[in-house]
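Chain residues, written in single-letter form:
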Protein chains: 2
Amino acid sequence: MMLARGLSAFPVTPADAAGRVDAIGLRALVARLVEARVDSIGLLGSTGIYMYLSREERRRAIETAMDETKGRLPIIVGVGALRTDEAVRLAQDAKAIGAAAGLLSVPSYTPLTEDEVFEHVSAVAGESGLALVLYDNPSTTHFAFTPGLVARLAQVPGIVAIKNPAWTAQDAPGLLARQRALVPAGFSIGCSGDWLASETMIAGADAWYSVLGGLFPHICLKIIRAARDGQADEARRLDAELAPLWALFRHYSSLRVIYALIEMLGICRADPPRPLLPLADEARRQVGDMLASLPPGLLDP
Amino acid sequence: MMLARGLSAFPVTPADAAGRVDAIGLRALVARLVEARVDSIGLLGSTGIYMYLSREERRRAIETAMDETKGRLPIIVGVGALRTDEAVRLAQDAKAIGAAAGLLSVPSYTPLTEDEVFEHVSAVAGESGLALVLYDNPSTTHFAFTPGLVARLAQVPGIVAIKNPAWTAQDAPGLLARQRALVPAGFSIGCSGDWLASETMIAGADAWYSVLGGLFPHICLKIIRAARDGQADEARRLDAELAPLWALFRHYSSLRVIYALIEMLGICRADPPRPLLPLADEARRQVGDMLASLPPGLLDP
């Protein structure tokens, strides 16, 4: 049975200015996802500011989410770190607390070679025993997985899935077919970059790792179901309705927009970690206008 | 009097596999620089693996270097971090221990806006009271300072210098003149990217922040003196003699090559922090061959 399938919903991790996780806010976000019956929760993803939180606070976030979900759905936890030993410890923590899998990015400072990344990922898989989703996100980590490296890593025991960067609608079918041919059967191929994900799901990807899904899961579930059921037109229609939201995601980054939305919805009060700044007033007004302009019910169950 | 002038020599920070600094190895590296009378030491730069060391170990490295130099030359300390509060604390530590200045990179995970970087750098300067050298190194931090941002930051009290990324020989005179026009008199403009630094020094930059200078300071001092004294031909001749070394720096990265050289010279035993791997045997052989091929005495006082 494939671990990562359908909607993996990525909530933010609300935290105070000192980087201490707001457990009440996180519970409220997780509870929405349990209620919506998403397929998995993607905790401590990029929007979940994993790179800006200490090991201790990451552990607290996992414990909080595990306690809120009570085993009702799998939690995939971001375990990326600059140092290999640190990533190993984070993966061990996640496994000990009960995460179903780790999401392993390869953030880089000194640019890394493919061999270095192969050894790094293999060490985390081998030393933690945690199932791993490869997290290919060059726009934040500045390391891009080549097809050859994905093929090598997909043979390593415990590496079960990949979260790819955004693929354009035009490229998605070809890239998906090429990657499928390189990995074992049962290896899950997933997409991200919310504004381009619908076409990749229509092309047959297994999972959508979604920032929007971390706050508004229902619309993402509807798109995924339409794509699965061969109703590409319906998936595209729903995706097109979200165009004003995608425009703001692209312009301000999904992270900054989602933080503003969480506050507007009254779920909790949280700012992104400095140096990231909350959206300025004019941008917040645009977010509010966008929300008001969406077709009634679009984001509802 | 300009803080950053001449050769700022950047040693590696030898550390064990767990990230604990080897104080004896670091002392040996620093002692060479004191002996060579470099103009300043650039501790915990990129080659000094600041991003891979804990706050505690960074503090230990500064204390060790301060104790070895005993005030005979200024130490500029890398204080970059992903979080603003962490960078503030690192700068406060450096100041408390006695560093002359901080070298402030802006490493990014979530891509940053210019306003975010302005606020970040201003906070570190204001809350630490440490003089700061802006560290513009897009190849590792993935944030590039625009001329407009440099002009704004150069007005902030306590920001006294910039370490620029490598400029090509062709671009250096124009970029230097443009930057000079944007910053106050007395603001120090420095260069890096060892293989391109000579031309920028010939063009009139104030300081060379050098990886090679952290291990072989004499050749760098000779090039700087020739450039200063209007002997551009001599500076270029010396630079050209180093071509085989520059080729390896470019191919394997200066960090990986310097680590191999430190071991070959018997100064100390240290590997870069994982995921970075030491050079493989074939590459080490190339480094050894290169060293043997340099003109006798080139690297000597």
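In short, a report on the structure. (Residues numbered from 1 in each chain as written. Chains lettered and ligands numbered in written order. Predicted model: local features only at pLDDT ≥ 70, side-chain atom pairs only at ≥ 80, totals over all residues.)

### Looking at unusual backbone geometry
- Cis rather than trans, the peptide bond between A:Arg274 and A:Pro275 has omega equal to 15°.
- You will see that B:Ile49, though not glycine, has its phi angle at about 45°, which is positive.
- The class of B:Ile49 is buried, set by 29 C-beta atoms lying within 10 Å.
- For B:Lys70, which is not glycine, the phi torsion reads 50° and is therefore positive. (Buried ≥ 20, exposed ≤ 12 C-beta atoms within 10 Å, placed from the backbone.)

### Structural notes on the sheet that holds strand β4 (residues 101–105) of chain A
Residue and element names in this part refer to chain A.
- Spatially, the eight strands close up into a barrel ordered β1-β2-β3-β4-β5-β6-β7-β8, and their pairing is parallel. Averaged over neighbouring strand pairs, the angle between their axes works out to 25° when direction is ignored.
- Across four bridges, the pairing between β4 and strand β5 (residues 132–135) is parallel. Across the sheet, Gly-102 pairs through a bridge with Leu-132, a residue of β5.
- In this fold helix α4 (residues 114–128) packs onto β4, β5 and β6 (159–163), with an angle of close to 160° to the strand it touches most, β5. (Pairing = 2+ DSSP bridges. Helix = DSSP H or I, 4+ residues; strand = E, 2+ residues; numbered from the N terminus. Axes fitted to C-alpha atoms, helices over the stretch in contact; angles between N-to-C directions. Contact = placed C-beta atoms within 7 Å.)

### Thoughts on the relation of the copies chain B and chain A
- For the pair chain B and chain A, the relating rotation is 180°, the translation along its axis is 0.0 Å, and the fit reaches an RMSD of 0.0 Å. The superposition operator between the copies reduces to a two-fold rotation axis. Among all residues of chain B, the minimum C-alpha distance to the rotation axis is found for B:His142, at 3.9 Å.
- Here 100% of the interface residues in chain B have copies in chain A that are interface residues too; the copies meet face to matching face. (Least-squares fit on C-alpha atoms with pLDDT ≥ 70 in both.)

### Let's talk about the interface of chain B and chain A
- Taken together, the contact between chain B and chain A spans 29 residues of the former and 29 residues of the latter.
- Secondary-structure elements contributing two or more residues to the side of chain B that touches chain A are α3 (84–97), α4 (114–128) and α5 (138–141) of chain B.
- If you tally residues by element for the side of chain B that touches chain A, the top one is α4(B), at five residues.

### Structural notes on the pairing of strand β8 (residues 207–210) of chain B
Residue and element names in this part refer to chain B.
- Here β8 shows no split at all, with Ala-207 and Tyr-209 on one side and Trp-208 and Ser-210 on the other all buried.
- Here strand β7 (residues 188–191) pairs with β8 via two bridges, running parallel. Note that in β8 the partner of Cys-191 across the bridge is Trp-208.
- Each parallel crossover has a hand, and for β7 linked through helix α8 (residues 194–202) to β8 it is right-handed. (Right-handed = clockwise from strand over helix to strand, strands pointing away.)

### Structural notes on the sheet that holds strand β5 (residues 132–135) of chain B
All names here are of chain B.
- Spatially, the eight strands close up into a barrel ordered β1-β2-β3-β4-β5-β6-β7-β8, and their pairing is parallel. Between one strand axis and the next, the sheet turns through 25° on average, direction left out of account.
- Pairing geometry for strand β2 (residues 40–43) and strand β3 (residues 75–78), over three bridges, is parallel. Within β3, the position partnered with Ile-41 by the bridge is Ile-75.
- Packed onto the sheet, helix α2 (residues 55–69) meets β2 and β3 and runs at close to 165° relative to β2.

### Digging into the packing of helix α11 (residues 243–252) of chain B against helix α13 (residues 281–293) of chain B
Residue and element names in this part refer to chain B.
- With their axes 9 Å apart at the nearest point, α11 and α13 run at an angle of 160° to one another. Taken as axis vectors, α11 and α13 run roughly antiparallel relative to one another. As α11 runs across α13, the sense of the crossing is left-handed. Between α11, through Pro-244, Leu-245, Leu-248 and Tyr-252, and α13, the contact on the second element is made entirely by Ala-283, Gln-286, Val-287, Met-290 and Ser-293.
- A per-class count over the contact of α11 with α13 returns seven nonpolar, two polar and no charged. (Parallel < 35°, antiparallel > 145°, perpendicular 65-115°, else oblique. Left-handed = near helix turned anticlockwise from the far one by under 90°. Nonpolar A, V, L, I, M, F, W, Y, C, P; charged D, E, K, R; others polar.)

### Side note on the environment of B:Ile41
Residue and element names in this part refer to chain B.
- Positionally, Ile-41 belongs in strand β2.
- Under the C-beta neighbour-count criterion, Ile-41 is labelled buried, with 31 such atoms within 10 Å.
- Residues Ile-41 and Ala-100, 59 residues apart in the sequence, show an inter-C-alpha distance of 9.8 Å.
- Not counting chain neighbours up to four residues away, the residues in contact with Ile-41 comprise Ala-9, Pro-11, Val-30, Leu-33, Ala-65, Thr-69, Leu-73, Ile-75 and Ile-76.

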